[in-house]
Amino acid sequence: MVFNFRDHSASASLPSSTSQAVLYTFPIPSFPTLLQGKSVSSWFYTTLAIILALLALEQSVYRYKKRHLPGATWTIPLIGKFAESVAPSMEGYKKQWDSGALSAISVFNIFIVMASSNDFARKILNSPTYAEPCLVHSAKQVLLADNWVFLTGKSHVDYRRGLNALFTRKALGIYLGIQESIAKKHFAQWLAIAAKDSSSQPIMMTARSMNMDTSLRVFCGNHIPEHAAQEINDKYWAITQSLELVNFPFAFPGTKIYKAIQARKVAMHWLELAAHKSKIAIANGAEPECMLDEWVQIISDPNYKGRREFSDREMAMVLFSFLFASQDAMSSGLIYAFQHLSDHPEIMAKVRAEQDVIRQGNYEKPLTLEMMDEMVYLQAVVKESMRVKPPVTMVPYKATKAFPIADDYTVPANSMVIPSFFNSLHDPSIYPEPEIFDPERWLDPSSSANANPKNYLVFGSGPHRCIGLEYANMNIALTIATAVGLFDWEHDVTPLSSKVDIIATLFPKDGCRLKLTPRNDV
């Protein structure tokens, strides 16, 4: 509706055509228009009120769950500590761990309790009725939800009992020869590269490649073709990146999780085929030459009392879980072992002297388990290296119900509760001068380190303790034992050498740059 206002006082002396001229106009909203404007305004303020209420609720719920625990008084709306989680640093983690034995954070409205003390870490690891491993948000998408690693309670214990046979001393004896041959093959490649280019080279990716080759050959032997092993190796980095603590949670094309799922499909295809071939080989009377063969022969034994029927897919899933457990953790342990030894030449000299005695100067002689048993000093070196730089610093768990973790605090149900191993492994009351790389601390039976095995959480604790810890220790020790007989290595120290990259596990930020020269005295 529009009202026109005219000047009627001058209309008598003006022509009719101008006497009704409109001087000015302004709109007056009609009643429906008024209602429409009021409706828009109402919706705006209602939506704003709802958003503010939800944000207030978010803060209230966070503070209610947090209670007296150290941590931010308020959480950043919606995202929480997402920014810090996307680019984690050891300095940031240490600050969180040192803030209290229990502390709280929130990421995307997921409430998280961090446990940094040995007592609380062990309590989480040994409380299957209250908490179960959840690894990271993407784990079930990548590893498959029906993988045995996600079992809990009696079903997990029973399944694990059946797999223990794959890591007996007899089984380790089968794997030893494979591990040594793969190490020699890759070290020959390292030396060939060094002969062409004498400058230092980062070993991070080459060590990972060697470790993957070792794992696939130990697990599958010749049941997996060379090109398939290379394809798995090439694609596995996508799986590593997807298992960072915080990632975009949906498997949209182009995301890390999507790429990891495609890589898993490739690996599973070849692992299933390997399982099928192994069953045929053992049925035809072949002797075990790898883990799959040993497994198939065990369950085929008429005297075996355990479960006998495993599909190719299920066996492949188990091997894939072993690949997941070994690839990043063992690569990290191996790389830091190289770095620690090169940074401590006096310790390297002792390792080499021990090898010269055990090998009697003959580095061509195949290693045996008995020879590995004699490598006491090298075993101490491996143990100490993983204490100083633990490959895995924490493992996320989920509270399946309200978890009374302390007398004055209960972890809310469905929260994440994350035990940290770093503080346990760097406790100065157990490990004097904990930042110092000192293998000697493990050689004295009465040392505080040996007197407190509960603090050595490199492989976890409780029902989900690493099933392959002896295999992992043996592989790192064997690889170093082989390396010291073939070449010398010098660490090219950079400003990033002491910095840590957290990519599922720990790695030196500069990739550990080494300069290799072949040994001429062997």
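For the structure, see preceding data.
Residues numbered from 1 in each chain as written. Predicted model: local features only at pLDDT ≥ 70, side-chain atom pairs only at ≥ 80, totals over all residues. Heavy atoms only, no water.

### Here's the deal with the environment of leucine 271
And step 1. Positionally, leucine 271 belongs in helix α11 (residues 256-283).
And step 2. Relative accessible area serves as the criterion here: at 1%, leucine 271 is assigned to the buried category.
And step 3. Separated by 97 residues in sequence, leucine 271 and isoleucine 174 place their C-alpha atoms 19 Å apart.
And step 4. Leaving out residues up to four positions away in the same chain, leucine 271 has contacts with Leu216, Cys220, Ala316, Leu319 and Phe320. (Helix = DSSP H or I, 4+ residues; strand = E, 2+ residues; numbered from the N terminus. Buried < 20%, exposed > 50% of the residue type's maximum accessible area, 1.4 Å probe, protein only. Contact = heavy atoms within 4.5 Å.)

### With respect to the sheet that holds strand β6 (residues 201-202)
And step 1. Reading across the sheet, the 3 strands line up as β6-β14-β11 and stay open at both edges, with antiparallel pairing between neighbours. Two strands bound the open sheet, and with one partner strand each, they are β6 and β11 (487-491).
And step 2. Alignment of β11 against strand β14 (residues 513-518), held across 5 bridges, turns out to be antiparallel. For glutamate 490, the partnering residue across the bridge sits in β14 and is lysine 515. (Pairing = 2+ DSSP bridges.)

### Observations concerning the sheet that holds strand β10 (residues 416-419)
And step 1. Spatially, the 5 strands line up as an open sheet ordered β3-β4-β10-β7-β5, and their pairing is mixed. Across the chains shown, the open sheet's two edge strands, defined by having one partner strand only, are β3 (102-107) and β5 (131-133). With strand direction ignored, the average angle separating the axes of adjacent strands in the sheet is 30°.
And step 2. Relative to strand β7 (residues 397-399), β5 is paired through 3 bridges, and the arrangement is antiparallel. What sits directly across from proline 133, in β7, is tyrosine 397.
And step 3. Packed on one face of the sheet, helix α5 (residues 118-125) meets β3, β4 (110-115), β5, β7 and β10 and runs near 125° to β10. (Axes fitted to C-alpha atoms, helices over the stretch in contact; angles between N-to-C directions.)

### What about the packing of aromatic side chains?
And step 1. A complete count under the given rule lists 21 aromatic pairs for this structure.
And step 2. Judged by centre distance (5.9 Å) and plane angle (45°), the ring pair of tryptophan 190 and phenylalanine 338 falls under tilted. Residue tryptophan 190 is found in helix α8 (residues 169-196), and its partner phenylalanine 338 is found in helix α13 (residues 312-343); the two are separated by 148 residues along the sequence.
And step 3. The rings of Phe167, Tyr175, Phe219, Phe322 and Tyr471 are connected pair by pair, giving a single aromatic cluster.
And step 4. Over the ring of tyrosine 431 we find arginine 387, and its NZ or CZ is 4.9 Å from the ring centre.
And step 5. The ring of tyrosine 130 carries the charged tip of lysine 401 above its face, separated from the ring centre by 5.1 Å. (Phe/Tyr/Trp six-rings, centres within 6.5 Å; stacked < 30°, edge-to-face > 60°. Lys NZ or Arg CZ within 6 Å of the ring centre and 35° of its normal.)

### Comments concerning empty space enclosed by the protein
A water-sized probe rolled over the atoms picks out the places where empty space is left.
And step 1. Counted by the stated rule, this structure contains 2 cavities of 30 Å³ or more.
And step 2. The calculated volume of the largest cavity comes to roughly 40 Å³.
And step 3. Taken together, Gln179, Ala183, Met210, Asn211, Thr214, Leu334, Asn475 and Thr479 make up the full set of residues lining the largest cavity.
And step 4. Within the residue set of the lining of the largest cavity, elements represented by two or more residues are α8, α9 (204-220) and α19 (469-486). (1 Å grid on protein atoms, 1.4 Å probe; cavity = no way out; pocket = protein on both sides within 12 Å on 5 of 7 lines; lining within 4 Å. Points joined across faces, edges and corners; volume = space filled by probe spheres on them.)

### Remarks on unusual backbone geometry
And step 1. Its identity as a non-glycine residue notwithstanding, glutamate 433 has a phi of 50°, on the positive side.
And step 2. Counting through the fold element by element, glutamate 433 comes out in the loop between α17 (422-425) and α18 (448-451).
And step 3. A relative accessible area of 61% places glutamate 433 in the exposed class.
And step 4. Phi at cysteine 512 is positive, roughly 60°, even though this residue is not glycine.
And step 5. Along the chain, cysteine 512 falls in the loop between β13 (505-508) and β14.
And step 6. Taking the relative accessible area as the measure of exposure, cysteine 512 reaches 0% and is therefore buried.

### Observations concerning the side chain of glutamine 327
And step 1. Within the element layout of this structure, glutamine 327 appears in helix α13.
And step 2. A polar contact is formed between the side chain of glutamine 327 and the backbone nitrogen of methionine 212, at a distance of 3.3 Å. (Polar contact = N/O pair within 3.5 Å; in protein donor to acceptor, adjacent residues only side chain to side chain.)

### Topic: the pattern of salt bridges
Side chains bearing opposite charge may pair, as long as their charged atoms lie close to each other.
And step 1. Tallied over the entire structure, the rule returns 19 salt bridges.
And step 2. When the shortest N-O distance is used, the salt bridge between glutamate 440 and lysine 350 registers 2.9 Å. Of the two residues, glutamate 440 sits in the loop between α17 and α18 while lysine 350 sits in helix α14 (residues 345-359), which places them 90 residues apart along the sequence.
And step 3. Note on glutamate 440: relative accessible area 35%, which makes it partly exposed.
And step 4. The salt bridge involving arginine 352 is made with aspartate 488; its shortest N-O contact spans 2.5 Å. With arginine 352 in helix α14 and aspartate 488 in strand β11, the pair connects residues that are 136 residues apart, well separated along the chain.
And step 5. Given a relative accessible area of 15%, arginine 352 falls into the buried group.
And step 6. For aspartate 488, a relative accessible area of 29% gives the class partly exposed.
And step 7. Each of Lys185, Asp213, Arg217 and Glu226 takes part in salt bridges that share partners, so that together they form one network. (Salt bridge = Lys/Arg side-chain N within 4 Å of Asp/Glu carboxyl O.)

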